[in-house]
Number of protein chains: 2
Amino acid sequence: MERWQSLADAPVYSHLLELASRPVDLTAPGTLTQARIEQYCCSAAGFALLYATERINDETLAALQQLADQCQLIEQFRQMRRGAIMNRIHGYPSEERQVLHTACRDLFAGPPAEPLASKQAELELARLKIFLEDLENGNLVTGQGLFFDTMIHIGIGGSDLGPRSVYEALRAYGRAGRRVYFISNVDPDDAAAVLRQVNLATTLVNVVSKSGSTLETLTNETLIRKAFELEGLDSARHFIAVTGEGSPMDNPVNYLRSFYMFDYIGGRYSATSMVGAVMLGFGLGFDHLLEFLAGASMMDQAAEEPDLQQNIPLLLAMLGIWNHNFLGFSTVAVLPYSQALHRFAAHLQQCDMESNGKSVSRYGEQLTIKTGPILWGEPGTNGQHAFYQLLHQGTEIVPVEFIGFRHNQYQQDLPIAGSTSQQKLVANLLAQSLALAAGQKNANPNKHFPGNRPNLILMADRLTPRVMGALLALYEAKIVFQGFCWNINSFDQEGVQLGKELAGRVLGLMRGERGKGCVEYSPENALLKMAGLEKTG
Amino acid sequence: MERWQSLADAPVYSHLLELASRPVDLTAPGTLTQARIEQYCCSAAGFALLYATERINDETLAALQQLADQCQLIEQFRQMRRGAIMNRIHGYPSEERQVLHTACRDLFAGPPAEPLASKQAELELARLKIFLEDLENGNLVTGQGLFFDTMIHIGIGGSDLGPRSVYEALRAYGRAGRRVYFISNVDPDDAAAVLRQVNLATTLVNVVSKSGSTLETLTNETLIRKAFELEGLDSARHFIAVTGEGSPMDNPVNYLRSFYMFDYIGGRYSATSMVGAVMLGFGLGFDHLLEFLAGASMMDQAAEEPDLQQNIPLLLAMLGIWNHNFLGFSTVAVLPYSQALHRFAAHLQQCDMESNGKSVSRYGEQLTIKTGPILWGEPGTNGQHAFYQLLHQGTEIVPVEFIGFRHNQYQQDLPIAGSTSQQKLVANLLAQSLALAAGQKNANPNKHFPGNRPNLILMADRLTPRVMGALLALYEAKIVFQGFCWNINSFDQEGVQLGKELAGRVLGLMRGERGKGCVEYSPENALLKMAGLEKTG
């Protein structure tokens, strides 16, 4: 079997440990020079990455380049895009799948890296285009002959977070007269709150589940179908599906259309597949959808650049490993200075933590190094009035990834007190980056800022569909690079199984089912009793 | 000066360190017994706290009780509620204020702990009641004689997160026909997105800023006033304010009404003051507002109980310190199994991290112990399909605080496959708690769950206004107890000043202002250039 090098076995590992014992002191006078700030800047695919405010220097970067080379990160990424079986644990039963989310958008730059998968993506896009045109020109209308103006997107996890965060980010580009709502949680109040707001008579329901068997999604689908029935509407004329070919949901009796996703695309990487595309095509229009895909494709190409300092996703990955594995910080905060990105961190929480929250290598060995960090974040400037106190003066150090844009989305802004809101926004972003890095001495210990809090800035021109596609793909590539470097399988999620099994047992107990017909002790029983849940329902 | 004992000086500290070297193994057979689960359960003020799934035993609890006693946590909490100057750094210039957010709701249980502050709260509530009645009975209408049906709440940080998360939590109790929107971010797209959705002609704008000088809030106020002007509406007839008495915003020329908040209430603790009350009174009705306050008051009373095992906020605080300072975990996740609480973690991020993200004691000394953890979270079951992989199998261990309810808010639920959605929801909560604690062995290392991941469950009957008040106050008290134990000032936020100053300098540079008339080097200049921001605006 092929055997990739991991972080811990890479020859440069001990050198990096040694460098980490004496990282650059960003608070020392003369450190944050103009030359440093200009040098530690990389541009690609519409983004600039400014990283002079990380605790690195040329020596660190050279070592991180060696690490990337020794672990063959670019080579692995290239193989992944070209269809290698990357979702695998060698020597144990595992999913044994290709990893081809990049193929969904590999439609804009010459021959695709994996032609078969890209062909499938192209066919689904063509079917989607026809569907959207049918909605547009009145070929597909409600039983009462009305145009559909609302979509309820039902999905959970990867079938919700990525698509939802992209839609929220691009609302400014929404098609006039169309609205999209989301239901994900099995909490019945999630569906109830949406039902209060929509007119079912003109609503399309898009049910998204790869397996066609996700508990929460099927439950919510049933709840919503009931709501249609109660209003005397035929739900079969209002429901569409995104699912695996041949799944229980791939059934024209129940759905106007079924769009397909494929088993070589993991849920958390599926926003550019039909999982996101159907809803985005409806809500934003087909042209904006294509722009979004093109942006992602552009970043995928850029991620194959071998030179660390010219490759934004790779830099983001390696700086993250430096902060996490060598400087020892447990978390990373992603702080977009854009209200439209208010759900982006929630998507990344899944994409990153479900991919890289692992303790076993691709060869089934217990790891001795730390893998994925805890990722969290909220938009600035809001966060400045919330948790930034801890970022500046707390005892936990949090590496920060700022995201900003030179221009805002809507054409509404005003100069107030000599600057526009957008200028105030980005000025705050830059100021926070410097304040965290450089700190400030003060004789009053309560007003002292220690500095040396590593951070970087991702900057683009404006959050358009294309830029959003690039941003999404940038983080996907970062996550994949880090997983390769830790030598883990970033594409499975065995850690969610035990909870599912136990939930089934608890539900059985709530229904009064007891093993072998007699009441026996179990921790589930005791918890149910103490939680006061024996008598619910 | 009075001198409180801190965690690090408490005689029991070394004993706790020793206990932490051999914490209870929750995965050992026979540990999670029925007796244990029944014993480690506490009920108060409408909540049950189940904590058998923490790595503690009777010895740990006895030591934590000693810690609470040696640090006089209950005594300090009592003094705080009775008006002691708790917002202070001894020996250095500091805010020197009382801390009386509890007085806002100390109106339901006999003589208030601090009568003057509660009297002020009562007067403001009486003024609010009249205002709401005027809206109701048509005494106060728009220039066109229309009823106000919409409120835009403008605030940031404490003037936004607490109120917003409570409103979101209680939407199910919203007054029919009324809607509330929020604008917080200086990002102009935040305001633009709201303006797209409202009819200004029937909109009240509630501007909330204690100082009357918050940059983001004043900027957004100006943007929204312009929008009124553009529609030919007189904004003075649509705006109200919540601010400090005598602030620039306390001005009847510009506002229909000004409601007051007082300097003894910190922003992040202000949701039960007029900061939250005006919007909640409008959106939910005055009676629901009173219920919310009564719930908070009930929990404040319960927090004075000296017996650790009978005091939910104190237990939450001490178990948090056990996990953070003794077992060494950097973060804590708050995971509500209720979609309505989807912004509660964002509120707690401010309340907790701005309060306790400090490195200096109340006596100006550099601390040698860790203070506030990083707090994060999203609702379950959504999180189960997102980041729970890392919780179960990652190399970072995350203590979890689950929050659940026996019944849902809306009366819409259906049995599907033998159980209701609400049953599925709480079954999942209990299952996750057990799975994290007990783990599960498997010969396939990729399917092995190590367990011993500490967690607890907060359970209440239903998320009503009263229960939400209690939940809010529970976490406020937890945070305050922890701050007392670390011996820090949980009520100031000096760590946000440097960023503000630097933002002013960056804005000056963007406007072309250069120090002393000549172009000099500064890191701000260099960052502006590399971010491509020299030419914006």
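Here the structure is a predicted model, which is why all the values come from computation and not from measurement. What you see as residue numbers is a count from 1 along each chain, following the sequence as written. As they are written, the chains are lettered A onward and the ligands numbered 1 onward, keeping that order. Side-chain atom pairs in this predicted model are given and counted only at pLDDT of 80 or more, local residue features only at pLDDT of at least 70, and totals for whole chains, interfaces and linings cover all residues.

### A look at the overall build of chain A
Each helix is a run of H or I in the DSSP string that is no shorter than four residues. Each strand is a run of E no shorter than two, and both are numbered from the N terminus. Looking only at helices and strands, one finds 17 helices and 13 strands in chain A. Using C-alpha atoms as the atom set, the radius of gyration is obtained and then compared with a globule rule of 2.2 Å times the number of residues to the power 0.38. Over its C-alpha atoms chain A spans a radius of gyration of 25 Å, differing by no more than 12% from the 24 Å that the globule rule assigns to 537 residues. In terms of overall dimensions, chain A has C-alpha extents of about 75 × 65 × 55 Å along its principal axes. Counting other C-beta atoms within 10 Å of a residue's C-beta gives its exposure: the residue is buried at 20 or more, exposed at 12 or fewer, and partly exposed in between, where C-beta atoms are placed from the backbone. For chain A, buried positions account for 61% of its 537 residues. We call two residues in contact when their backbone-placed C-beta atoms lie within 7 Å. Residue pairs at least 24 apart in sequence account for 76% of intrachain contacts in chain A once pairs closer than 6 positions are excluded.

### What about the pairing of strand β8 (residues 331-336) of chain A?
Each regular strand carries side chains that alternate between the two faces of the sheet. All names here are of chain A. Counting buried positions over the six residues of β8 gives six, a clear majority of the element. Going residue by residue along β8, you find T331, A333 and L335 tucked away on one face and V332, V334 and P336 tucked away on the opposite face as well. Considered for its hand, the β-α-β crossover made up of β8, helix α12 (residues 344-356) and strand β9 (residues 374-376) is right-handed. Sheet topology places β8 next to strand β10 (residues 400-405); four bridges connect them, and they run parallel. Bridging from a neighbouring strand, P336 pairs with I403 of β10. For crossovers, right-handed means that the path from the first strand over the helix to the second runs clockwise, given strands pointing away from the viewer. Strands are treated as partners if at least two bridges between them are detected by DSSP.

### Looking at the sheet that holds strand β5 (residues 203-208) of chain A
All names here are of chain A. Spatially, β4-β3-β5-β6-β7 is the arrangement adopted by the five strands of the open sheet, whose pairing is parallel. Looking along the sheet, the strands with just one partner apiece sit at the ends: β4 (179-183) and β7 (258-261). Sheet twist, expressed as the average angle between the axes of neighbouring strands with direction ignored, equals 20 degrees. Judged from the five bridges that link them, strand β3 (residues 150-154) and β4 form a sheet pairing that is parallel. Pairing of T150 across the sheet is with R179, part of β4. Fitted lines through C-alpha atoms give the axes, limited to the stretch in contact for helices. The angle between two N-to-C directions lies from 0 to 180 degrees.

### Describing the domain arrangement of chain A
Residues and elements named next belong to chain A. Just so you know, the domain bounds were taken from an automatic or database domain assignment. When the domains of chain A are assigned, the result is domain 1 (7-96 + 306-491), domain 2 (106-294) and domain 3 (498-530). For domain 1 and domain 2, the distance between their C-alpha centres works out to 32 Å. Taken together, the contact between domain 1 and domain 2 spans 25 residues of the former and 25 residues of the latter. Elements with a minimum of two residues in the side of domain 1 that touches domain 2: α12 and α15 (465-486). Sorting elements by how many residues they give to the side of domain 1 that touches domain 2 places α12 first, with seven residues.

### Section: the interface of chain B and chain A
Contact with chain B, which involves 129 residues of that partner, is made by 129 residues of chain A. Take the side of chain B that touches chain A: its biggest share by element is 14 residues, from helix α14 (residues 421-438) of chain B. Basically, the charged four are Asp, Glu, Lys and Arg, the nonpolar ten are Ala, Val, Leu, Ile, Met, Phe, Trp, Tyr, Cys and Pro, and anything else, Gly included, counts as polar. Across the side of chain B that touches chain A, the residue classes tally to 61 nonpolar, 49 polar and 19 charged.

### A closer look at the sheet that holds strand β3 (residues 150-154) of chain B
Residue and element names in this part refer to chain B. Spatially, the five strands line up as an open sheet ordered β4-β3-β5-β6-β7, and their pairing is parallel. Among the strands making up the open sheet, the edge pair consists of β4 (179-183) and β7 (258-261). Here the average twist between neighbouring strands, direction ignored, is 20 degrees. Pairing between β3 and strand β5 (residues 203-209): five bridges, direction parallel. In the sheet register, I154 faces β5, and the bridge partner there is V207.

### Topic: the relation of the copies chain B and chain A
For the match of chain B to chain A, the screw axis carries a shift of 0.0 Å, the RMSD comes to 0.0 Å, and the turn is 180 degrees. Both copies are brought into coincidence by an operation consistent with a two-fold rotation axis. Here 100% of the contact residues of chain B are again contact residues in chain A; the copies associate through an equivalent surface. We superpose the copies by least squares over the C-alpha atoms of residues that have a pLDDT of at least 70 in both of them.

### Some remarks on helix α8 (residues 215-230) of chain B
What a helix is expected to span follows from its residue count: subtract one and scale by 1.5 Å. For α8 of chain B, which comprises 16 residues, the first-to-last C-alpha distance of 23 Å matches the rise-based estimate of 22 Å (1.5 Å per residue) to within 8%. Restricting attention to buried positions, one finds in α8 of chain B the residues L215, E216, T217, T219, N220, E221, L223, I224 and A227 of chain B. On its buried face, α8 of chain B is in contact with β11 (415-416) and α14 (421-438) of chain A together with β3, β4, α7 (188-195) and β5 of chain B. Just downstream of α8 of chain B lies G232 of chain B, where phi reads positive at about 70 degrees.

### Structural notes on unusual backbone geometry
If a residue is not glycine, its phi is most likely negative; likewise, a peptide bond is most likely trans. Cis rather than trans, the peptide bond between G380 of chain A and T381 of chain A has omega equal to 5 degrees. Along the chain, the position of T381 of chain A falls in the loop between β9 and α13 (388-393). One non-glycine residue with positive phi stands out, namely Q72 of chain A, at about 50 degrees. Tracing the backbone shows Q72 of chain A in the loop between α3 (58-70) and α4 (73-81). On the basis of neighbour counts, which here come to 16 C-beta atoms within 10 Å, the residue Q72 of chain A falls in the partly exposed class. One non-glycine residue, E96 of chain B, lies in positive phi territory at about 50 degrees.

### What to know about the environment of E231 of chain A
The residue E231 of chain A is located in the loop between α8 (215-230) and β6 (239-244) in this model. Taking C-alpha positions, E231 of chain A is 55 Å from L50 of chain A, a pair spaced 181 residues apart along the chain.

### Some remarks on the packing of helix α3 (residues 58-70) of chain B against helix α11 (residues 312-326) of chain B
Residues and elements named next belong to chain B. Packing of α3 against α11 leaves a shortest axis separation of 10 Å and a crossing angle of 110 degrees. As summarised for this structure, α3 and α11 are arranged roughly perpendicular, according to the angle between their axes. For the pair formed by α3 and α11, the contact residues are T60, L64, L67 and A68 on the first element and L314, M318 and W322 on the second. When describing relative orientation, an angle under 35 degrees is termed roughly parallel and one over 145 degrees roughly antiparallel, while 65 to 115 degrees is termed roughly perpendicular and anything else oblique.

### Some thoughts on the nonpolar core
Only buried residues count toward a nonpolar core: Ala, Val, Leu, Ile, Met, Phe, Trp, Tyr and Cys, linked into one set through C-beta atoms within 7 Å. Grouped together as the largest cluster of nonpolar side chains are 361 residues, with contacts concentrated most on L50 and M318 of chain A together with L50 and M318 of chain B. Once residues lying within four places of it in the same chain are set aside, the contact partners of M318 of chain A are L64, L67, A68 and L308 of chain A.

### So, the packing of α14 of chain A against helix α17 (residues 523-530) of chain B
Direction vectors running N to C along α14 of chain A and α17 of chain B enclose 130 degrees, while the axes themselves pass 10 Å from each other. What the angle tells us is that α14 of chain A and α17 of chain B run oblique. Note that α14 of chain A runs across α17 of chain B; the crossing there is right-handed. Contact with α14 of chain A, carried on its side by L430, S433 and L434 of chain A, involves P523, E524, L527 and L528 of chain B of α17 of chain B and no other residues of that element. Grouping the constituent residues of the contact of α14 of chain A with α17 of chain B by class yields five nonpolar, one polar and one charged. Two helices cross in a left-handed way if the nearer one is turned anticlockwise from the farther one by less than a right angle. They cross in a right-handed way if the turn is clockwise.

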